[in-house]
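Structure assessment
Spelled out, the chains give:
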Amino acid sequence: MVYKMKLDLCVFDMDGLLIDTEKKMWTKNQMAAMEIMGGTYDKELFRSMMGCKFTVGYQKLVEFYGPDFDAEEFYRIVFDLNEKQINKGDIPIMPGAIELLEFLKTNNIKRTIATSTSEELASKIIQKIGFNKYFDVVTYGTEVEKSKPEPDIYIKAISKYNVLPENTLVFEDAHSGAQAAIRANTNLILVPDVAPVTDEDRQKAYAVINSLDQAIDIIKKII
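For every chain, the first residue of the written sequence is number 1, and numbering continues from 1 along that sequence. Two thresholds apply to this predicted model, a pLDDT of at least 70 for residue-level local features and 80 or more for giving and counting side-chain atom pairs, whereas whole-chain, interface and lining totals are computed over all residues. With hydrogens and water set aside, each side-chain value is computed from the structure's full complement of heavy atoms.

What follows concerns the side chain of D173. Each helix corresponds to a stretch of at least 4 residues labelled H or I by DSSP, and each strand to a stretch of at least 2 residues labelled E; elements are numbered beginning at the N terminus. Position of D173 relative to the elements: it lies in the loop between β4 (168-172) and α8 (175-183). When a residue's accessible area, from a 1.4 Å probe over protein chains only, is under 20% of the maximum for its type it is buried; when over 50% it is exposed; and in between it is partly exposed. When charges are counted, Lys and Arg contribute as positive and Asp and Glu as negative, whereas His and the chain ends are disregarded. Whenever a carboxyl oxygen of Asp or Glu lies within 4 Å of a side-chain nitrogen of Lys or Arg, that contact is scored as a salt bridge. Of the side chains with opposite charge, K148 comes closest to the buried, unpaired D173, at an N-O distance of 6.7 Å. Contacts are assigned to residue pairs with any non-hydrogen atoms lying within 4.5 Å of each other. Once you skip the residues sitting within four places of it in the chain, D173 turns out to touch D13, D15, G16, L17, L190, V191, P192, D193, A195 and V197.

See below:
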């Protein structure tokens, strides 16, 4: 569904889109935390939590495992494991991410991150992998009331720049984020990974690509 547009800003989700944390950090450490707590990891439950704020995650965990499940302790363990992994620098960058970010920087195209991950954790990751040289501004899930799939986080991110939503490309890998981008009236570039996406997400996307570097040719045609 590619059509001509004006490009003023690129907005990126982070987990599962720029960095391979969905599989290689969150999923791994959630499974480990559940084992420590003596519970059973449910794949579909945790897939449904991808891209959501932690407050939504808390609610889903309690609804699924029951009111006696200590969601706070679960996340404490997960965050501790995440912290250890981040400190080791074990944060894989998604294929094509550096190539795309370098292209955008070279061509002076504005770029920002909008992530449901907390500011404390996300800022550590961004610094650790050197993404601070590509992004001066980041919007965190704690800055908005409603989580994806509501459009709030993308509306907030775009409001920090003097641009229109229709002149913005949003890069997403998950259904909840895709819906947020669509509802914010932006142009969605969908890069499916492990998080679920729907046929509607694909149909309403400006483009669907397999890796971020494929967006370079798309953007060349716009600019």
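Now that the structure has been shown, we can carry on.
As used here, the term nonpolar core means buried Ala, Val, Leu, Ile, Met, Phe, Trp, Tyr and Cys residues forming a set that is joined through side-chain atoms within 4.5 Å. In terms of nonpolar packing, the biggest core is built from 55 residues, with F12, L18, L169, F171 and I219 touching the most fellow members. Of the residues forming this core, the biggest block, six residues, is contributed by helix α4 (residues 71-87). Apart from residues lying up to four places away in sequence, L169 is in contact with M5, L7, L9, C10, V11, N187, I189, Y206, I219 and I222.

Looking at the secondary structure, you find S211 in the loop between β6 (207-208) and α10 (215-222). Polar contact is defined as a pair of N or O atoms within 3.5 Å, subject to the rule that within protein one atom must be able to donate a hydrogen and the other to accept it, and that residues adjacent in sequence are counted only when both atoms are side-chain atoms. In terms of polar contacts, S211 uses its side chain to reach the side chain of D213, at 2.4 Å. When sequence neighbours within four positions are dropped, the list of residues in contact with S211 reads P95 and V191.

Orientation is described by axes fitted as lines to C-alpha atoms, over the contacting stretch for helices, and by angles from 0 to 180 degrees between their N-to-C directions. Contact geometry of helix α1 (residues 21-36) with α4 gives a least axis separation of 9 Å together with a crossing angle of 135°. Looking at the two axes, α1 sits oblique to α4. The handedness of the crossing between α1 and α4 comes out as right-handed. Every residue of α4 that contacts α1 at K24, M25, W26, K28, N29, Q30, A32, A33, M34 and I36 is listed here: F74, I77, V78, F79, L81, N82, Q85 and I86. Ten residues, namely Ala, Val, Leu, Ile, Met, Phe, Trp, Tyr, Cys and Pro, are considered nonpolar, four, namely Asp, Glu, Lys and Arg, are considered charged, and the remaining ones, Gly among them, are considered polar. Class assignment for the residues of the contact of α1 with α4 results in twelve nonpolar, four polar and two charged. Oblique is the label for any angle not covered by the other classes, which are roughly parallel (under 35 degrees), roughly antiparallel (over 145) and roughly perpendicular (65 to 115). The crossing is said to be left-handed when, going from far helix to near helix, the turn is anticlockwise and less than a right angle, and right-handed when the turn is clockwise.

Glancing now at the packing of aromatic side chains. Ring pairs are drawn from Phe, Tyr and Trp, using the six-membered ring of Trp, whenever the two centres fall within 6.5 Å, and their geometry is named by plane angle: stacked under 30 degrees, edge-to-face over 60, tilted for the rest. A complete count under the given rule lists 13 aromatic pairs for this structure. Ring geometry for Y58 versus Y75: centroids 4.9 Å apart, planes at 50°, classification tilted. Residue Y58 is found in helix α3 (residues 54-65), and its partner Y75 is found in helix α4; the two are separated by 17 residues along the sequence. Look at Y58 and you get partly exposed, because its relative accessible area is 29%. A centroid spacing of 4.8 Å and a plane angle of 75° characterise the contact between F64 and Y65, whose relative ring orientation is edge-to-face. Given the relative accessible area of 44%, F64 is considered partly exposed. You can call Y65 partly exposed: its relative accessible area is 25%.

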